[in-house]
Amino acid sequence: MRKVYLLVTLLGLPVWVRLSAQGSFTTTSGASVRVTGAAHIKLHNTHWNNGGVFAAGGSTVEVSGSQVAGSQIAGAGTDVFNHLKINRSAGNVTLQKDIAVNQSLVFSAGLFDLGGYDVTLNQPGGTLSGENENSRIFSTSTGEVKLTLGLNAPNQQNPGALGAVITSAANLGATTIRRGHFSYAGACDGSIRRYFIIEPANNTGLNATLRFYYFDAELNGVPENDLALYRSDDGGASWTLVGYDTRNATENWVEKTGINSCSMWTLACHRAFGGTIQWSDDLATPVQQAAVNITGSANGSSQVDAYGNYTLLLPVSSGNFTIKPVKNTDRLNGVTVGDALAIQQHLTNINPISDTYKMIAADVNRSNTLSTLDALLLKQCLLSNPAANNIFNVFWRFVPQSWTPVLPPWGFPEQIDLTGVSSHQSGLDFYGVKIGDVVNGDANPANFGAGDPLVFRVQDRVPRAGETVEAEFRADQMDDVAALQFALQFDPAALQFEGVDMLGGLPVSLDNFGLFNIYEGEIRVVWGQERGVALAEAAPVFRLKFTVLESGRKLSEVMKMNEEALPGRVYNSVLAESGVALRFGAVSGTDVYAGWQLALRAHPNPFSAATTIEYFLPGPCEAQLRVFDASGRELWRTNKSCPAGWNAETVRLNGLSAPGVLYYELTTPFGTRTERMARMGN
């Protein structure tokens, strides 16, 4: 091939030089081409071969032509172009050495092959211009286009128009950005033919957003709708799927937010698996704070969002997979002694569990059967027994929504198995079952308060240091008590626990008391049985004994209910739930009933000839008891001096015509109380 050797010195403005020879524009060693002003050098079907010195000045070097063989930029000399324009209708412009550009690398037509070499965009000013699908940088091997500039709190900044748009409130400092066009096999089944390496001086706590632009011609067979961001921290040897937040296949970009440090980035395929997890109690409320694990042809994990939704992105395009949710927090969330009572009533056939998911919840030890051990475990965990906590160690189970519920449910699936996956998977939904939560479904406060609370009353006092003090817990009347739980908190600096006595008002025993945290001042009480019992007014239930360590403080100041440790709850035999309260009576040295309220009841009620009226007095006093009808006509009366505590009178209305609703009234210095009763016949 004929070679053309030219030594050109261009002075002044403007100058247009067109070189169209079938060969090379060559500068030999020792020669120079110096340009001043805005000269335009057009190399048409010509190679650039600079072995000497090229001083570009404000010039534009345009590489044009129509020959398929294309043009080369070669030579041993250093080339720093001012403007370099690619404008070939056929053939590529190929680098055979590293070059730099001070202002712009302009794309008008044709492709620019890096050929394993680098283009440096000098700053400030160096940028790409007009790059598009048909006229752009590419490479069949290595080679990069790169720049270094300061990035301080960049806002959608696209340095050098390389296609890496960066936003961050942080100051990244001097940042080097390199763009290459090599496909990395380690990212999924192979990445697109573009990557970025972003190296800021400050590379921590960036909370940055990266928008990664690409051309369709760089997709390298990767489905555009499957693109996700990958990062490598070891120069491309291994890749981690980062995913994406938004992407736009029309505008050709993928964006990821919340990036705390920069690295090497590319785009490649992924496989998406998604679904939702809802609470089995109402089949609608989302289960939060659960993790969803996927294993098989690739492994991964994802957290559900506030709506119970999850998405798993995997760096694979096909394979076999297993999806299994897990959640193991809040052992006693939604668990009360009422749940243990429901299990006991199921086992004794008083109230069988007929809901599939409630039966799964009742299997506390996950034995695929229900037994008294399940109820016992709940009670002992409520008492804070460490041994029971070790057995009750799985708090949620998850069932695919595609499964048809059956009774009994044993052998139910707890995962979703997928085979031969070759596309994105959605609708992988589960129901979450809270183990132990059998009755009220997480103790929804909207359902709380089936009746008045069960009130325990204790006489208040001001004991002296060194004294032994007894706190007797008496319960208000309640007709149907089947289960009970509460926690007491006393000040261990003021009281030293010595023991507990059972007083018979409820069939509780020492096994119903949790003293595992007694040195922290915590006493838990958990009791339940299949059938309810009646509590009489002021029924003595138990007595706590303490040695007083600190004088001058009332019992009511050093002892209280601890709702945070164990919420106070009482259940009747049909599992209706109410609260538990602790009330202290007035301080008194002699009257054991100080602070207690009047109580009044009659039995039988309704009655025919006679009934017994029982009444409770907080102290000794003169009391009047009378019976009258709806018109106010008095039918019976007694006035007498009565001792404190329970008293009783038998009322006979023989010979009096007074059927229907009657009233009986107790009048004392402590107040007046009136109740209704019914008489049948005369």
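Computed from a predicted structure; not experimentally measured.

## Comments concerning the pattern of salt bridges
- Per the stated rule, a full pass over the model turns up 32 salt bridges.
- Between Asp79 and Lys97 there is a salt bridge, with the nearest N and O atoms lying 2.5 Å from each other. Placement of the pair is Asp79 in the loop between β10 (71-74) and β11 (80-88) and Lys97 in the loop between β12 (93-95) and β13 (99-109), with a sequence separation of 18 residues.
- Residue Asp79 is classed as buried on the basis of its relative accessible area, which comes to 1%.
- Close ionic contact of Arg457 with Asp476 constitutes a salt bridge, the shortest N to O distance being 2.8 Å.

## Some details on the packing of helix α1 (residues 337-347) against helix α3 (residues 372-382)
- At their nearest, the axes of α1 and α3 sit 9 Å apart, and the two run at 165° to each other. Comparing the axis directions of α1 and α3 gives the class roughly antiparallel. Along this stretch, α1 crosses α3, giving a crossing that reads as left-handed. Two secondary-structure elements touch here, α1 through Val337, Asp339, Ala340, Ile343, Gln344 and Leu347 and α3 through Thr372, Asp374, Ala375, Leu378, Lys379 and Leu382.

## Considering the sheet that holds strand β30 (residues 300-303)
- Read from one edge to the other, the open sheet built from four strands follows the order β30-β29-β32-β34, with strand pairing classed as antiparallel. Each edge of the open sheet is held by one strand with a lone partner, namely β30 and β34 (416-421). Here the strands of the sheet are splayed against their neighbours by 20° on average, with no regard to which way each runs.
- Examined bridge by bridge, strand β32 (residues 319-326) and β34 share four bridges and lie antiparallel to one another. Bridge pairing links Ile323 to Ile416 in β34.

## What about the side chain of Arg136?
- Structurally, Arg136 is set in the loop between β16 (127-129) and β17 (137-138).
- Within the buried core, Arg136 has no salt-bridge partner, and the shortest N-O distance to an opposite charge, that of Glu133, equals 4.8 Å.
- Among the polar contacts listed, one links the side chain of Arg136 to the backbone oxygen of Glu133, at a separation of 3.0 Å.
- In contact with Arg136, not counting residues within four places along its chain, are Phe107, Gly110, Leu111, Phe112, Glu131, Phe215 and Ala217.

## Regarding the packing of aromatic side chains
- Tallying each qualifying case throughout the model produces 23 aromatic pairs.
- On the basis of an interplanar angle of 15° and a centroid distance of 6.2 Å, the ring pair of Trp396 and Phe398 is categorised as stacked.
- Trp396 gets classed as buried once you look at its relative accessible area, which sits at 9%.
- Across from the ring centre of Trp253, 3.6 Å away, lies the NZ or CZ of Arg211, which sits over that ring.
- When the ring centre of Trp646 is taken as origin, the NZ or CZ atom of Arg601, which lies over that ring, is 4.5 Å away.

## A look at the sheet that holds strand β49 (residues 634-642)
- Sheet architecture is open: four strands sit in the order β49-β48-β51-β52, paired in antiparallel fashion. The open sheet terminates on both sides in strands that have one partner only, identified here as β49 and β52 (671-679). Put simply, the sheet's adjacent strands are angled 15° from each other on average, direction ignored.
- The pairing of strand β51 (residues 660-668) with β52 spans nine bridges and is classified as antiparallel. If you follow Val661 over to β52, its bridge partner there is Ala678.

## Here we look at the state of the cysteines
- For the structure shown, the criterion picks out one disulfide.
- Here Cys188 engages in a disulfide with Cys269; their sulfurs sit 1.9 Å apart. Its S-S torsion of about -65° marks the bond between Cys188 and Cys269 as left-handed, since a negative value means left-handed. Placement of the pair is Cys188 in the loop between β20 (171-180) and β21 (195-200) and Cys269 in the loop between β27 (264-268) and β28 (271-279), with a sequence separation of 81 residues.

The rules behind these values
- Residues numbered from 1 in each chain as written.
- Predicted model: local features only at pLDDT ≥ 70, side-chain atom pairs only at ≥ 80, totals over all residues.
- Heavy atoms only, no water.
- Salt bridge = Lys/Arg side-chain N within 4 Å of Asp/Glu carboxyl O.
- Helix = DSSP H or I, 4+ residues; strand = E, 2+ residues; numbered from the N terminus.
- Buried < 20%, exposed > 50% of the residue type's maximum accessible area, 1.4 Å probe, protein only.
- Axes fitted to C-alpha atoms, helices over the stretch in contact; angles between N-to-C directions.
- Parallel < 35°, antiparallel > 145°, perpendicular 65-115°, else oblique.
- Left-handed = near helix turned anticlockwise from the far one by under 90°.
- Contact = heavy atoms within 4.5 Å.
- Pairing = 2+ DSSP bridges.
- Lys, Arg positive; Asp, Glu negative; His and termini not counted.
- Polar contact = N/O pair within 3.5 Å; in protein donor to acceptor, adjacent residues only side chain to side chain.
- Phe/Tyr/Trp six-rings, centres within 6.5 Å; stacked < 30°, edge-to-face > 60°.
- Lys NZ or Arg CZ within 6 Å of the ring centre and 35° of its normal.
- Disulfide = S-S within 2.5 Å.

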